[in-house]
Amino acid sequence: MSGLEFPAGFTFGAATAAYQIEGAATEDGRGPSIWDTFSQTPGKVENGDTGDVAIDFYHRVEEDLDLIKSLGLSAYRLSIAWPRIIPAGLGEVNEAGLAFYEKVVDGLLVRGIEPVVTLYHWDLPQPLEDRGGWTVRETSYAFAEYARVVGERLGDRVAVWTTLNEPWCSAYLGYGSGDHAPGRRSEAASLQAVHHLNLAHGLALIELRKVVTRPDARYSVTNNLAMAYAADPANPEDVDAKRQIEALQNRAFTDPQLRGFYPQDLLTDTKHITDWSFVHDGDLELINQPIDIVGINYYCTGTVRRGPEHSTEGTAYPGATRVESVEQPGPHTDMGWNIAPQGLYDLLVATHEAYPEYEIMVTENGAAYGDQPVEEDGGKRVHDTERVDFLLRHFVAAHRAIEAGVPLTGYFVWSLMDNFEWAFGYTKRFGIVYVDYETQERTKKDSALWYTKLAETGVIPE
Ligand code: NCW
């Protein structure tokens, strides 16, 4: 199975997000984000956990950058916290915030690691939510202004600019099911959010391209595309259930972003919720800006079939009709997500077929497990054999996709280190590096040692 070699120049990276790792929530002028508010609201996050301290990356930058270097990675995917840059969301720029990310980006470059920067990984400034958040188009314009400010400061250095991470989560979990910040539960609001996130993506690209000066800088967006299967591919009703999921989760984002239109079936499926009049003339041209890389976050698959009629109010799939999820066979990770490397292969091939002109990167893939450190040979070890096996099998699937002609040029493991897992607090560990939340001590897990061999040789280790 292994011993497979990736093409020369393939990017092996790891990913994190600002709110999940930084801590220092009120330091150096950072304003509140919707995740501060949400995590401080009783009952929203497991154990009442917050990102106030997280894994203290804010104060441990040098040590953590040395760690990335020691892993042999060629790129690090980080996100910038909008509330550190423009604390009120609009208006005054916080110099300390820019200086912090300048330190991170310079620290990466000096170590020979390419910075891959995501501008929005879910931490909307709270004052913007107070004005309507992603349900209003003012937020899209505020995002473009923020992108310009960051681009002006770091545009000579950042290798890849990613506008949004998983807008499906921001829109449907944030405004539809309420599982994520800001915790609203409205079908109409979630569809407004879909559009204003897409608009923000396009407007930000326009501003970035005006100010970025690094000649080889590239542009991207990261979607968590569903790999959905019909329970019975010969049953048209099951096939239609799959079509609905793909319209809501995949094409609602990729079609406007990469093609400049909303899918007609999405508009039809949701017409009882909204007439989409929040899409103004010219918006789709603004959204459909040229990009270089399509980023895909992949974790698991879904299988759907025709189910009973049910309301979709308060769910993450507004307007889905008679769609029922079929339980996926195990084994599952600690998130309850099924392990399906074939799904990664299928998704990469399907995305390439739908949008053949784009380079693709897996911007996140990884697994949560209940890791336990052990004392061994006078040191700490974490034998996360399941994660090693998970990564091995997904890298093999990615390699197969390349052989099948998919222009896959990079892969970022989620996550570099254990961190704040949103509504699950600190109960789920995705890191290839273990973090002791009491002492903040970092310990490379076996998966990190395995990944280093892959990153250094380009060959999937046995
Ligand atoms: S929750 C989620 N994640 C994890 C998170 O740590 C990271 O910030 C995200 O980019 C790991 O990768 C992403 N993604 C949401 C997946 C969908 C959840 C499905 C909910 C069903 C309604």
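Keep in mind that this is a model prediction, so the values were computed, not measured. (Residues numbered from 1 in each chain as written. Predicted model: local features only at pLDDT ≥ 70, side-chain atom pairs only at ≥ 80, totals over all residues. Heavy atoms only, no water.)

Q: What should I look at first to understand the side chain of serine 447 in this one?
A: Mapped onto the elements, serine 447 comes out in helix α15 (residues 446-457). Sequence-distant contacts of serine 447, that is, excluding residues within four places in its chain, are made with Asp384, Arg387, Val388, Leu391 and Ile432. (Helix = DSSP H or I, 4+ residues; strand = E, 2+ residues; numbered from the N terminus. Contact = heavy atoms within 4.5 Å.)

Q: Is there a simple way to explain the site of the ligand in this structure?
A: In the vicinity of the ligand lie 14 residues, with Gln20, His121, Tyr299, Glu364 and Glu421 positioned nearest. One of the side-chain N or O atoms of glutamine 20 is found 2.8 Å from an oxygen atom in the ligand. At 3.1 Å, a side-chain N or O of asparagine 165 approaches an oxygen atom of the ligand. In isolation the ligand has 540 Å² of accessible area, and contact with the protein removes 79% of it. A class-by-class count of the residues in the shell around the ligand yields seven nonpolar, four polar and three charged. (Near = heavy atom within 4 Å. Polar contact = N/O pair within 3.5 Å; in protein donor to acceptor, adjacent residues only side chain to side chain. Areas by Shrake-Rupley, 256 points an atom, 1.4 Å probe, with all protein chains shown as cover. Nonpolar A, V, L, I, M, F, W, Y, C, P; charged D, E, K, R; others polar.)

Q: Help me understand the packing of aromatic side chains, please; the structure alone is not making it clear to me.
A: The geometry of an aromatic ring pair comes down to the distance between the two centres and the angle between the two planes. Applying the stated criterion to the full structure yields 38 aromatic pairs. Each ring, one from phenylalanine 12 and one from tyrosine 451, has its centre 6.4 Å from the other, and the planes form 80°; the classification is edge-to-face. Of the two residues, phenylalanine 12 is situated in strand β1 (residues 11-15) and tyrosine 451 in helix α15; the sequence distance between them amounts to 439 residues. Across the pair, tyrosine 451 and phenylalanine 12 agree in class, each one buried. One aromatic cluster is present, built from ring pairs that chain together Tyr19, Trp35, Phe38, Trp122, Phe420, Trp422, Tyr426 and Tyr437. Lying across the ring of phenylalanine 100, arginine 84 places its NZ or CZ 5.8 Å from the centre. Between arginine 400 and the ring centre of tyrosine 345, over which it is positioned, the NZ or CZ distance is 4.3 Å. (Phe/Tyr/Trp six-rings, centres within 6.5 Å; stacked < 30°, edge-to-face > 60°. Buried < 20%, exposed > 50% of the residue type's maximum accessible area, 1.4 Å probe, protein only. Lys NZ or Arg CZ within 6 Å of the ring centre and 35° of its normal.)

Q: Where do I start with the nonpolar core in this structure?
A: In this structure, Trp35, Trp82, Trp134, Phe143, Trp161 and Phe395 are the most contacted members of the largest nonpolar core, which totals 143 residues. Take this core: its biggest share by element is eleven residues, from helix α9 (residues 187-211). Setting aside residues no more than four positions away along its own chain, phenylalanine 395 makes contact with Phe6, Phe12, Tyr411, Val413, Trp450, Tyr451, Leu454 and Ile460. Counting 14 residues, the second largest nonpolar core, distinct from the first, contains Ala15, Ala75, Val160 and Ile293. (Core = buried A, V, L, I, M, F, W, Y, C linked by side-chain atoms within 4.5 Å.)

Q: Even after reading the chapter, I still don't get helix α8 (residues 167-175), so can you show me in this structure?
A: Along an α-helix, residues three or four apart share an orientation, since each turn contains 3.6 residues. Most of α8 is tucked away, with nine of its nine residues classed as buried. Within α8 the residues assigned to the buried category are Pro167, Trp168, Cys169, Ser170, Ala171, Tyr172, Leu173, Gly174 and Tyr175. Contacts made by the buried residues of α8 are with β3 (114-120), α6 (126-130), β4 (160-165), α9, β5 (218-223) and α10 (236-259).

Q: I keep staring at the sheet that holds β3 and nothing clicks. Help me out?
A: The strands making up a sheet associate through backbone hydrogen bonding, with each pair oriented either parallel or antiparallel. The sheet built from eight strands closes into a barrel, its strands ordered β1-β2-β3-β4-β5-β7-β10-β13 with parallel pairing. Geometrically, the sheet is characterised by an average inter-axis angle of 25° between neighbouring strands, direction not taken into account. Where β3 and β4 come together, four bridges link them in parallel fashion. Within the sheet, the bridge partner assigned to threonine 118 lies in β4 and is threonine 162. (Pairing = 2+ DSSP bridges. Axes fitted to C-alpha atoms, helices over the stretch in contact; angles between N-to-C directions.)

Q: Would you mind showing me how to read the pattern of salt bridges here?
A: As a working rule, side chains carrying opposite charge can pair if their charged atoms are close by. Inspection of every chain in the model, using the stated rule, returns 36 salt bridges. The partner of arginine 30 in a salt bridge is aspartate 36, with the nearest N and O atoms 3.0 Å apart. Each of the two residues, arginine 30 as well as aspartate 36, counts as buried. Glutamate 114 is paired through a salt bridge with arginine 214; the nearest N and O atoms lie 3.0 Å apart. Taken together, the residues glutamate 114 in strand β3 and arginine 214 in the loop between α9 and β5 connect sequence positions 100 residues apart. Salt bridges sharing partners connect three or more residues here, namely Glu95, Glu102, Asp106, Arg153, Asp156 and Arg157. (Salt bridge = Lys/Arg side-chain N within 4 Å of Asp/Glu carboxyl O.)

Q: Before we go on, may I ask you to explain the pairing of strand β7 (residues 293-297) in this structure?
A: For a regular strand, side-chain orientation follows a simple rule: the groups alternate between the two sheet faces. Extensive coverage of β7 is indicated by the burial of five of its five residues. What you see with β7 is no split at all: Ile293, Gly295 and Asn297 on one side and Val294 and Ile296 on the other are buried throughout. By the bridge criterion, four bridges tie β5 to β7 in an arrangement that is parallel. Across the sheet, valine 221 pairs through a bridge with valine 294, a residue of β7. Examined bridge by bridge, β7 and strand β10 (residues 359-365) share five bridges and lie parallel to one another.

Q: Explanation requested: the packing of helix α7 (residues 137-154) against α9 in the structure shown.
A: The description of two packed helices rests on the angle between their axes and on the distance between the axes. Contact geometry for α7 and α9: axes closest at 8 Å, N-to-C directions at 30°. With respect to α9, the element α7 is oriented roughly parallel. Relative to α9, α7 is oriented so that their crossing is right-handed. Contacts between α7 and α9 involve Arg137, Ser140, Tyr141, Phe143, Ala144, Ala147, Arg148, Gly151 and Glu152 on the former and, on the latter, His196, Leu199, Ala200, Leu203, Ala204, Glu207, Leu208 and Val211. Of the residues contributing to the contact of α7 with α9, the split by class is ten nonpolar, three polar and four charged. (Parallel < 35°, antiparallel > 145°, perpendicular 65-115°, else oblique. Left-handed = near helix turned anticlockwise from the far one by under 90°.)

Geometric values such as these leave the question of function open.
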